[in-house]
Amino acid sequence: MSFLKRGRASVAGGKDDWQRCRDWLNNEKVTPMSAKVPDLSEIQTEFELHNYLKDGTELCRVIGMVTIGTVPAGITYRTNNVSNLEEKNIRLFITTVENELKIKDVFGKLKEEVFRKYVDFHVVIDGLSKISKKLETKLGLKGFEKTKKKTEPIYEYDSDINNIYDDNERAEETEHYEKLYEETFGGAAETTSLTHAIEELIAINDSFLKRCLRNIQENFISKNSTELLRIHFFPYFKIDKLIALHESLKEDFEMMQHSYITIGDIFEKVKTDFLVYCMVSSRMKTAIEFLADQITGNPETRESIKKLQKDAANNYKHKDDRTIFDLKDLLQMIPQHIMRYPMMLGEIQKHANASKKRDIEKEARKAND
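Everything numeric in this text was worked out from a predicted model, so none of it was measured. (Residues numbered from 1 in each chain as written. Predicted model: local features only at pLDDT ≥ 70, side-chain atom pairs only at ≥ 80, totals over all residues. Heavy atoms only, no water.)

(A) Just the packing of helix α8 (residues 194-221) against helix α15 (residues 341-354), in detail. Packing of α8 against α15 brings their axes to within 8 Å, and their N-to-C directions diverge by 160°. If you check the angle between α8 and α15, you find them roughly antiparallel. Here α8 and α15 pass one another in a crossing that is left-handed. Of α15, the residues touching α8 (which contributes L194, A197, I198, L201, I204 and N205) are Y341, M344, E347, I348, H351 and A352. (Axes fitted to C-alpha atoms, helices over the stretch in contact; angles between N-to-C directions. Helix = DSSP H or I, 4+ residues; strand = E, 2+ residues; numbered from the N terminus. Parallel < 35°, antiparallel > 145°, perpendicular 65-115°, else oblique. Left-handed = near helix turned anticlockwise from the far one by under 90°. Contact = heavy atoms within 4.5 Å.)

(B) Looking closely at the packing of aromatic side chains. Applying the stated rule across the entire model yields 15 aromatic pairs. Summarising the aromatic geometry, the rings of F274 and Y341 are spaced 5.4 Å apart at their centres and angled 85° between planes, so their arrangement reads as edge-to-face. Of the two residues, F274 is situated in the loop between α11 (263-269) and α12 (275-297) and Y341 in helix α15; the sequence distance between them amounts to 67 residues. Take F274 and Y341: they sit in the same class, and that class is buried. Chaining the aromatic ring pairs together yields one cluster made of F253, F267, F274, Y277 and Y341. In this structure, R340 packs its charged tip against the face of Y181, placed 4.3 Å from the ring centre. (Phe/Tyr/Trp six-rings, centres within 6.5 Å; stacked < 30°, edge-to-face > 60°. Buried < 20%, exposed > 50% of the residue type's maximum accessible area, 1.4 Å probe, protein only. Lys NZ or Arg CZ within 6 Å of the ring centre and 35° of its normal.)

(C) Seen up close, empty space enclosed by the protein. In this structure the tally under the stated criterion is two cavities of 30 Å³ or more. Of the volumes computed, that of the second largest cavity is approximately 30 Å³. Lining the second largest cavity, in full, are W24, L59, V62, I63, V66, F93, L128, I131 and L135. At the level of secondary structure, the elements contributing two or more residues to the lining of the second largest cavity comprise α3 (57-67) and α5 (121-134). A total of four residues in the lining of the second largest cavity trace back to one element, the largest contributor, which is α3. In terms of residue class, the lining of the second largest cavity is built from nine nonpolar, no polar and no charged. (1 Å grid on protein atoms, 1.4 Å probe; cavity = no way out; pocket = protein on both sides within 12 Å on 5 of 7 lines; lining within 4 Å. Points joined across faces, edges and corners; volume = space filled by probe spheres on them. Nonpolar A, V, L, I, M, F, W, Y, C, P; charged D, E, K, R; others polar.)

(D) Expanded view of the pattern of salt bridges. The final tally for this structure, using the stated rule, is 28 salt bridges. In this structure, the salt-bridge partner of K88 is E347, at a minimum N-O distance of 3.2 Å. Taken as a pair, K88 in helix α4 (residues 83-101) and E347 in helix α15 lie far apart in primary sequence, 259 residues in all. In this structure, K88 and E347 share a single accessibility class: buried. Connected through salt bridges with shared partners, the residues K15, R22 and D23 form a single ionic network. (Salt bridge = Lys/Arg side-chain N within 4 Å of Asp/Glu carboxyl O.)

(E) The arrangement of unusual backbone geometry in detail. Non-glycine residue D105 carries a positive phi angle of around 50°. By the element assignment, D105 lies in the loop between α4 and α5. The class of D105 is partly exposed, set by a relative accessible area of 28%.

(F) Structural detail: a nonpolar patch on the surface. Together, M65, V71 and Y77 give the surface a local cluster of nonpolar side chains, amounting to about 270 Å² of exposed area. With respect to the element layout, M65 can be found in helix α3. (Patch = residues over 30% accessible without salt bridge, like charges linked within 9 Å, V, L, I, M, F, W, Y side chains within 5 Å. Areas by Shrake-Rupley, 256 points an atom, 1.4 Å probe, with all protein chains shown as cover.)

(G) Region of the structure containing helix α13 (residues 299-315). Taking 1.5 Å per residue, 17 residues should reach 24 Å; α13 reaches 24 Å between its end C-alpha atoms and fits that length. Those residues of α13 that sit buried are T301, S304, I305, L308, Q309 and A312. An end-on view of α13 places all buried positions within 130° of arc, on one side of the element. Residues of α13 that are exposed and point more than 90 degrees away from the buried face comprise E300, K307, K310 and N314. (Expected span 1.5 Å × (residues − 1). Arc of directions from axis to C-beta.)

(H) The nonpolar core, seen in detail. One finds F267 and I334 to be the most contacted residues of the largest nonpolar core, which totals 59 residues. For this core, the element with the most residues is α8, which contributes 12 residues. Judged by nonpolar contacts, the second largest core, of 37 residues, contains I75, V123, I125 and L135. (Core = buried A, V, L, I, M, F, W, Y, C linked by side-chain atoms within 4.5 Å.)

Below is the structure:
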C-alpha cells in the first residue's frame, strides 16, 4: 500500500520547519497556556499544527500577549469552521503584527486567505519565523529559522484521497455560500461602533426576512407546485416557524434601539425557538440531495421549480438588486444565517467593552451563550 507521511520530520539529525515553529510557539514566553486540545506539546504533524492555528484564535492570543500584553479585542472564538469568521481573526492578527511589529503583510499576498489551502501553510510558518526574530530581544528567546521548503499535499494512505477530495469540495461549497450570503444580506465588513453593530444586527434580520424567508414562503411554498414538493420537500424547512421567530425578533429589535441593554432578554425569550435551526440544518444535506435528484430525474419537478423561480424573479414585490431566486441557494442561506449570530453579537460585545458600557457587554455575552 503506497503512502506518504503527513508532515513528519524528514531532515536527518534535525527538525522540520513546522517543528521549530511549534516549539517556538510552545515556549511559555510565547504561549503561557494552550487553549486548545490537542495542545501544542501534543501536536505531532504539520497538518495538526495547521489545524491548530487555522481559526486564528491562538494566533491572535499569541500576538496580543507578546506585543501589548493582553488578548486583543475583537477575536471571534466560536468560528464553527466558517471561513469568513476564521479569516476575520486572521485579519486581526495581520493588523496587530503590522501595527505593533511594523511587519507589513506578514503572510504576503495571500493575506487572511493563507489558510484556505493546506499547501500554503509554509507561508504561515515563514511569517511566524519573521515575528519570532523580531521579538528575540523583547522576549529573550531566540527566533526560529525557516528554510525554503514548501508544504506538500500529503495523504496517509491512498484510500484517504477520496476523503480529501470530498473535503475540498465541501470547502469550496461552503466558501461559495458564505460569499453569497454576504452579497445578499451583508455582514462581511467590521462594524465601527456599538450603534453600528446594533444597526447591523437589525438590518440583517430584516434583510433575511425579506430576501430569504418571505421569498421562499410567498414565491415557492404558497404557489401551486407539485405534490411531491408540497408534501415531501417544503415541510422540511419549517419556514413558517422561522418567519415567526424573525418577526418576533424584528419587533423586539425595534424596541431595543431605545435601550441596548434589553438584548440579553430578547435572545433569552426566543432561545427555545432557535432550536428550529438545529432541526432544519440537520436535514439540509439530505433535503438538498433530494432536490438535486428530483431536478435531475423528475421532469415535472424540474419544470415546476423553473417556473416558480422565473415567476418569483418577475413578480416578487419585495425584490431588489440583491435578491436571489434560485431555490437551492435560498435554502442554503438558512444554515448560513444562524452561524452569523456569534459574529454579530461578538461585535456588539466588543464595542460595548470599548465604550465601557459593561451592562450592555454583559447582556450581549448572555445573548451569545
